[in-house]
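Here's the letter readout for the chains.
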Amino acid sequence: MATLDASKSKYSNNEKMFLEGNEALAYGAINAGLNAFFGYPITPSSEVLETLAKEFGNPLYPNFKVFLQASSELEAANMLLGAAATGALAMTATSSPGFSLMQETISYAAGMEIPFVVADANRAGPGLGSLGPEQGDMWKASKGGGHGDYRCIVLSAHTVAELAQTPFLAFRLAFKYRNPVIILYDSYLAKLKEGIDLPTVEDLMVDRSWTVGQQNEGSRQILNSLNLEPDVHEDHEAHLQEKFRAMLEHEQRAEEYLTDDAEVILVAYGILARLAKKVVNKARGEGLKAGLLRPIILWPPPMTLLEKYVDRETPLLVVELNAGQLYEDVKQAASRRVDVGFVGHLGGSVPNIGTVESKMRRLVYGRTGG
Amino acid sequence: MHYCPGCEHGLLTRLVASALDSLKLRKQAVMIDSVGCSVLAYKYLNIDHIQAPHGRAPAVMTGVKRFRPDLLVFSVQGDGDALAIGLAELIHAASRGESITTFVVNNAVYGMTGGQMAPTTLLGQVTKTTPAGRQAAIQGRPIDGAKLVASIDGASYVRRASLVPKPITSSDEPMFKQQEVEDAKQVIENAFKVQLMGGFSYVEFISTCWVNWKMSIKQAKIFASTQLVKQFPLGTYKDVFGVEDK
């Protein structure tokens, strides 16, 4: 059983830990300075809740002040809203059906400009679905998800070590824009165990000047999303859209793996990026210069990089655990100027390498070639 | 004020303000604005406010209070907000004994959405969604919020008071008797004191909604103070700290 003691955190020197994704996410959040965690059990993310329950009260983590199991995801999300409104670094972790229930509150938080972090271990859906990995929540996470026109920055990870780093970035971006941030991982990464060094992070300095409870004489804070006067609300929405445009401009982030000389570029994220790297390596061994563009941030999508490769006329192959969601963004970037192929796999497992390889070869050599 | 003339929401807002100042709690007070007629309270109460999604005020209050125990946090919720869509959050906050305060305005109808059936709508009462009157066999019976919350072990102070004067016997008698207003203010102070002592407090106020009841203001006051109180008896349902004796 993993425990985070002084020798394994930012409070002292680092040491390798053997953690599953959920545990890494929990310790990553503590390391980032987590103040408050609220959650409701759901497979496959319950171990985040369990790990934080175990570490709550540990004198090594004086910042970790609140842990509470809620009676539903609705309640958890709204506890999050309350704690975050007072300036807490607040987070929850859930999985797809629970993520659905939280959408209303995420919409309120976007409207009220309250920053918090929601981690979603994407399992296969719709409905109760299956417990295996899928990326079917990609649109829900990145295109708003709740009511109204808003966006959340969506972080992704493809290794346990990278997942452990996401909370710090998530809190930083949430407070930078005063907006919820989503960490979208999947059942596979949630349960995958790897030896990692927990990230050493500096103390996160965030602006709390907008929070309630400052108790200043003569000044008060109103965190609200309601404007009954249309012109006032028009201004409010214009302000929000300005923030979303700023995110789009400044927060694109992706890994370029062997893309410089690539004749074909795979686009994949999360657990599938690992599979895609294997495909790339194998193809290169066989003389095909393949590369991988791996979005680390799913929204905003890496449009600038995508456009760069479109300008080079490099064909793109999107590989996702859904029926084509990031695929839409890639097609938009391609504007029909390059071929965009797609491998979509649904049901709670990952595609085999051969499926991706044959699609890639068809894209490069045509149906008869290769 | 956006409240209708004759509505008790404005009175309750003034009484809450008065209680906050009597107890010198204005600086640390945070109000949760619930969806319903109380949602615009931030326009009237000069303290910090956080809006809550419909029914979720007790969860939002929990988040605030757990991280900032030094703050005083309360909500004013409608009967639909607290006892229909938000019942789970209310019951679980009470069960955990959160040191928060919920005020519920019970006027037996959805006010802001225009007069639909509430969980507190009386049997036989005509609303826009019970045009033939509420029938037990179809829509079930009204929920008694105070009785329900008092049955939860974690709740410390549960009280039902009225913001409506007793039946007016002569036309020159004032609509509001000073004593009833003073009593309501005392109950609000008690609820805040219980929170300061670490307890969960729930106060339900019998109120009117003459616009949606399709009555005159006077008829509505009489209906509330004679009919509503039969289904929802006034009184102290729970007072674990004995705050009313102090």
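Rules behind the numbers
Residues numbered from 1 in each chain as written. Chains lettered and ligands numbered in written order. Predicted model: local features only at pLDDT ≥ 70, side-chain atom pairs only at ≥ 80, totals over all residues. Heavy atoms only, no water. Buried < 20%, exposed > 50% of the residue type's maximum accessible area, 1.4 Å probe, protein only. Helix = DSSP H or I, 4+ residues; strand = E, 2+ residues; numbered from the N terminus. Pairing = 2+ DSSP bridges. Lys, Arg positive; Asp, Glu negative; His and termini not counted. Salt bridge = Lys/Arg side-chain N within 4 Å of Asp/Glu carboxyl O. Polar contact = N/O pair within 3.5 Å; in protein donor to acceptor, adjacent residues only side chain to side chain. Contact = heavy atoms within 4.5 Å. Arc of directions from axis to C-beta. 1 Å grid on protein atoms, 1.4 Å probe; cavity = no way out; pocket = protein on both sides within 12 Å on 5 of 7 lines; lining within 4 Å. Points joined across faces, edges and corners; volume = space filled by probe spheres on them. Nonpolar A, V, L, I, M, F, W, Y, C, P; charged D, E, K, R; others polar. Domains from an automatic or database assignment. Buried area = accessible area lost by both parts, 1.4 Å probe.

Q: When you look at the pairing of strand 8 (residues 200-206) of chain B in this model, what are you seeing that I'm missing?
A: Where a strand is regular, its side chains alternate between the two sheet faces. Residues and elements named next belong to chain B. Across the seven residues that make up strand 8, a large majority, seven, are buried. One ladder, built from six bridges, connects strand 4 (residues 101-106) with strand 8; its direction is parallel. Across the sheet, residue T102 finds its bridge partner in strand 8, namely Y202. The pairing of strand 7 (residues 155-162) with strand 8 spans seven bridges and is classified as parallel. Its bridge partner being in strand 8, A161 is matched across the sheet by F205.

Q: Can you walk me through the side chain of D120 of chain A in this structure?
A: Residues and elements named next belong to chain A. Structurally, the position occupied by D120 is in strand 5 (residues 117-124). Although D120 is buried, it forms no salt bridge, and the closest oppositely charged side chain is K140 at an N-O distance of 5.4 Å. Side-chain polar atoms of D120 contact the backbone nitrogen of S96, separated by 3.2 Å. In this structure D120 touches T94, S95, S96, F99, D137, I183, L184 and Y185, once residues within four positions along its chain are discounted.

Q: Which parts of the structure should I look at to understand helix 11 (residues 326-334) of chain A?
A: Helical geometry: 3.6 residues make up each α-helical turn, so side chains three or four residues apart lie on a common side. All names here are of chain A. Buried residues of helix 11: L326, Y327, D329, V330, A333 and A334, and no others. Within helix 11, the buried residues cover an arc of 160° as seen down the axis, which keeps them to one side. Directly beyond the C-terminal end of helix 11, a positive phi value near 45° is found at S335.

Q: Sorry, what's going on with empty space enclosed by the protein here?
A: One water molecule sets the probe size; rolling that probe over the atoms shows where empty space is left. All names here are of chain B. This structure, assessed with the given rule, holds three cavities of 30 Å³ or more. When its volume is computed, the largest cavity comes out at roughly 40 Å³. If you trace the largest cavity, you find it lined by Y3, L12, T13, V16, M31, S38, A41, L45, F74 and V76. When residues of the lining of the largest cavity are traced back to their parent elements, those giving at least two are helix 1 (8-22) and strand 3 (72-78). For the lining of the largest cavity, the leading source of residues is helix 1, giving three residues. Residue composition of the lining of the largest cavity, grouped by class: eight nonpolar, two polar and no charged.

Q: What exactly am I supposed to notice about the domain arrangement of chain A here?
A: When the parts come together, some accessible area is lost, and that loss is often what is quoted as the size of the interface. Residue and element names in this part refer to chain A. Looking at the assigned domains, one finds that chain A contains domain 1 (17-196) and domain 2 (254-365). For domain 1 versus domain 2, the separation of C-alpha centres amounts to 27 Å. The partner domain 2 presents 28 residues to the 29 residues of domain 1 that form the contact. Both faces combined, the contact of domain 1 with domain 2 buries some 2300 Å², and carbon together with sulfur accounts for 57% of it.

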